[in-house]
Amino acid sequence: MGEHSHQLVRLLDELGRITDEPGRLTRTFLSPAMERANHLVGGWMREAGLTVREDETGNLIGRLESPQAGAKTLLLGSHLDTVRNAGRFDGALGVVLPIVALAELKSRGVTLPFHVEVLGFSEEEAVRFSGAYIGSKAFTGRLRVADLRLRDARNHTLLEVIEAHAEKRYTPPKAAHHKSNLLGYFEVHIEQGPVLEAKKLAVGVVSTIASQARGRLTFRGKAGHAGTTPMNLRRDALAGAAEFVIFAEAFAGARPPLVATVGTINVPGGAANVIPGETVLSIDVRHPDDAICDAALAELVRQAQRTARQRQLVCEWEPTMRHSATPCSPELTKQLARSVRAVQGKSLTLMSGAGHDGVVLAALTPIAMLFVRCRDGLSHHPDEYASPKDLDVALRVVVDFLERLGAEK
Ligand code: HGY
Ligand code: MN
Ligand code: MN
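Everything quoted here is computed from the prediction, not taken from an experiment.

1. Brief notes about the packing of helix H1 (residues 3–15) against helix H2 (residues 32–47)
Turning to step 1, where the next piece is worked out: Running from N to C, H1 and H2 cross one another at 160 degrees; their axes reach a closest spacing of 11 Å. Our classification of the angle between H1 and H2 gives roughly antiparallel. Like other packed secondary-structure pairs, H1 and H2 cross with a definite hand, here right-handed. Residue-level inspection shows Leu 11, Glu 14 and Leu 15 of H1 in contact with H2, the latter providing Ala 37, Leu 40, Val 41 and Trp 44.

2. Considerations on the coordination of the manganese ion (ligand 2)
Turning to step 1, where the next piece is worked out: Listed as protein donors to the manganese ion (ligand 2) are Asp 90 (OD), Glu 125 (OE) and His 380 (NE2); their distances from the metal cover 2.1 to 2.2 Å.
Turning to step 2, where the next piece is worked out: Read from N- to C-terminus, the donor residues coordinating the manganese ion (ligand 2) fall into the pattern D-x34-E-x254-H.
Turning to step 3, where the next piece is worked out: The distance between the manganese ion (ligand 2) and the manganese ion (ligand 3) comes to 3.4 Å, with Asp 90 serving as a donor to both metals. Separated by 290 residues along the polypeptide, Asp 90 in the loop between strand S3 (73–79) and helix H3 (92–107) and His 380 in the loop between strand S16 (367–372) and helix H12 (388–408) bring together distant segments of the chain.
Turning to step 4, where the next piece is worked out: Judged by relative accessible area, Asp 90 falls into the buried class, the value being 5%.

3. Details of the nonpolar core
Turning to step 1, where the next piece is worked out: In terms of nonpolar packing, the biggest core is built from 60 residues, with Leu 15, Val 41, Phe 186, Val 203, Leu 370 and Leu 402 touching the most fellow members.
Turning to step 2, where the next piece is worked out: It is H3 that provides the largest number of residues to this core, a total of 11 residues.
Turning to step 3, where the next piece is worked out: Apart from the residues within four sequence positions on either side, Phe 186 is in contact with Leu 75, Leu 76, Gly 77, Leu 336, Ala 368, Met 369, Leu 370, Val 398 and Phe 401.
Turning to step 4, where the next piece is worked out: With 24 residues, the next largest nonpolar core counts Tyr 185, Leu 196, Ile 209 and Ile 367 among its residues.

Parameters at a glance
- Residues numbered from 1 in each chain as written.
- Chains lettered and ligands numbered in written order.
- Predicted model: local features only at pLDDT ≥ 70, side-chain atom pairs only at ≥ 80, totals over all residues.
- Heavy atoms only, no water.
- Axes fitted to C-alpha atoms, helices over the stretch in contact; angles between N-to-C directions.
- Helix = DSSP H or I, 4+ residues; strand = E, 2+ residues; numbered from the N terminus.
- Parallel < 35°, antiparallel > 145°, perpendicular 65-115°, else oblique.
- Left-handed = near helix turned anticlockwise from the far one by under 90°.
- Contact = heavy atoms within 4.5 Å.
- Donors = N, O, S within 2.8 Å, 3.2 Å for Na, K, Ca; no water.
- Buried < 20%, exposed > 50% of the residue type's maximum accessible area, 1.4 Å probe, protein only.
- Core = buried A, V, L, I, M, F, W, Y, C linked by side-chain atoms within 4.5 Å.

This is the structure in structure tokens:
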């Protein structure tokens, strides 16, 4: 392993200690920990020779100008926010690795004939606000006024949170770049799945990012006294929601590779001695094919409403996110596979069941993604782990990719 690979491991460990919740890793949109993370990573960008800025939406942007007249820009990056109690690689790897790769090229005296921007997006996980990709949407000029009305758990709108952070008025920005000035967007990310481990490969190339739909189901019944209300007279919203959760699990389980997840369930104002009058649950549905994803979600919502009727409940459906399946650029992916073969000997192409900022960037410029093996395919968990050896392979692939891209310009 080279000196820069050891540095990559150290930086990821250090960044993994920047959290809003002592004892576990959590960084959410524009939180104090996100400010500290931007400050730390921005310092690493400067040490690697990049100029650094933070935009009004909290995105961290490091830029390495090329001396080449008329040069275009290659975007590399990922997100710096995390889920709650996260692992230290999801997102962070795709921001820190490109910085180390540029430091490696600088130490070799390599100058690229294109500008490079390393991006640390401020929000991809949709933990604080239900509509994901706030950072990359703003960077690509796709953040909408409707997004600004999203509310967090403390009932603050996205607009209020951004204006409080920027200490000035905010309107959704135009795209930071015109597509004619871009070579593409390239994201390195842990696989968050079992394929590379099963194939005994350190890295793989992503073909497509799965279709994804999320929303909120609210079951309403009638609150009542837990001790005096006979079972046959109850309209228990949580019991109805629970019946739906079991249905959703069986429904998706019978239709692989469809996946459906109820990640949160909440009884507003609930108490142990009160029959739940209301229950709110999230649903996240994914599939490689858009039409199948949409049809599955529609059937799940119909079943939720059927279950509600059978139990004299009411069920409301509110969609919160929808992203179509997003193919990576065949051209960029072919070039990336060439670097993977040069370093790893063979290249495997695989689909991404996880969503990534590339879903948003793909509307502006061609995208490519490199996956890095993670132990047991585990992610969104503190035990998330990518080995130093695999990180070394990924770093060498990215350096090779940048050098080859440069040689062709
Ligand atoms: O949910 C996802 O797929 C990503 O981790 N935000
Ligand atoms: Mn994630
Ligand atoms: Mn991620």
